[in-house]
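Listed below, chain by chain, are the residues.
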Amino acid sequence: MLRTILVLLSLVGLTGLAQAALKAENPWVRLVPGSVSGAFMTLANPSDKAIRVIAVESPIAGKVEIHQTTIVKGAGGTEVMQMRPVQFLEIPAKGRVELKPGGYHIMLMMLKEPLQEGKIVRITLRLEGGGALVVEAPVKAQ
């Protein structure tokens, strides 16, 4: 019985370590006028298990979502860019996912104040199973 409890505790601990291993590289927020902007970065997962980001928050925005931009065929065969929210973002074991313009990105909506170049925007990535990664992303002009 004690051995089973110790094994379960160690597995819970390893899960927490895997989630804590998630790293955000080169984060930034696009300087734009208005009440909507995007945040970009590369998420690196050096652990042996996939990690899912299931929610995103920021004190600067009233609403924050993970989005994916795709190109679809529109009327007459023209290509149309669409942005849609996704339920989660999975970073594969020992893998990387780039959040970039034209791909996956974080949408900061209903901004509570105008963005200023150089200002740091705090973004919290909530991870499946608990835990979070807090990212400090500078605002940059495109």
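In short, a report on the structure. (Residues numbered from 1 in each chain as written. Predicted model: local features only at pLDDT ≥ 70, side-chain atom pairs only at ≥ 80, totals over all residues. Heavy atoms only, no water.)

Another aspect to go through is the nonpolar core. Membership of the largest hydrophobic core comes to 28 residues, with the highest contact counts inside it found for Val29, Leu43, Val53, Ile106, Leu108, Ile123 and Leu125. For this core, the secondary-structure elements that each account for two or more residues are strand E2 (36–45), strand E3 (51–57), strand E4 (61–73), strand E6 (89–91), strand E7 (95–99), strand E8 (104–111), strand E9 (120–127) and strand E10 (132–140). In this structure Ile106 touches Ser37, Gly38, Ala39, Met41, Val56, Val64, Glu65, Leu99, Ile123 and Leu125, once residues within four positions along its chain are discounted. (Core = buried A, V, L, I, M, F, W, Y, C linked by side-chain atoms within 4.5 Å. Buried < 20%, exposed > 50% of the residue type's maximum accessible area, 1.4 Å probe, protein only. Helix = DSSP H or I, 4+ residues; strand = E, 2+ residues; numbered from the N terminus. Contact = heavy atoms within 4.5 Å.)

A few words now on the side chain of Ser37. Within the element layout of this structure, Ser37 appears in strand E2. Given the relative accessible area of 5%, Ser37 is considered buried. Sequence-distant contacts of Ser37, that is, excluding residues within four places in its chain, are made with Val29, Arg30, Val32, Ile106, Met107, Leu108, Leu111 and Leu115.

Any aromatic ring pair is given by two values, namely how distant the centres are and how the planes are angled relative to each other. Counted under the stated rule, the structure contains 1 aromatic pair. With a centroid separation of 4.7 Å and an interplanar angle of 35°, the aromatic rings of Trp28 and Phe40 are classed as tilted. Within this pair, whereas Trp28 is found in strand E1 (residues 23–30), its partner Phe40 is found in strand E2, the two being separated by 12 residues in sequence. Both residues of the pair, Trp28 and Phe40, count as buried. Positioned above the aromatic ring of Phe88 is the side chain of Arg52, whose terminal nitrogen or guanidinium carbon lies 3.7 Å from the ring centre. (Phe/Tyr/Trp six-rings, centres within 6.5 Å; stacked < 30°, edge-to-face > 60°. Lys NZ or Arg CZ within 6 Å of the ring centre and 35° of its normal.)

Attention shifts here to the environment of Gln82. Locating Gln82 in the fold gives a position in strand E5 (residues 79–85). Here the alpha-carbon distance between Gln82 and Val72, two residues 10 residues apart in the chain, equals 7.3 Å.

What follows deals with the pairing of E1. Judged from the 5 bridges that link them, E1 and E2 form a sheet pairing that is antiparallel. Its bridge partner lying in E2, Trp28 is registered against Phe40. Taken together, E1 and the strand that follows it, E2, pair antiparallel across an intervening segment of 5 residues, in which Gly34 is found at a positive phi of about 100°. For E1 and E10, the ladder comprises 2 bridges, and the chain directions are parallel. Note that in E10 the partner of Arg30 across the bridge is Lys140. (Pairing = 2+ DSSP bridges.)

Take the environment of Ala21 next. Along the chain, Ala21 turns up in the loop between helix H1 (2–20) and E1. With 30 residues separating them along the chain, Ala21 and Ile51 place their C-alpha atoms 9.4 Å apart. When sequence neighbours within four positions are dropped, the list of residues in contact with Ala21 reads Ala44, Pro46 and Ser47.

Taken by themselves, the reported measurements are silent on function.
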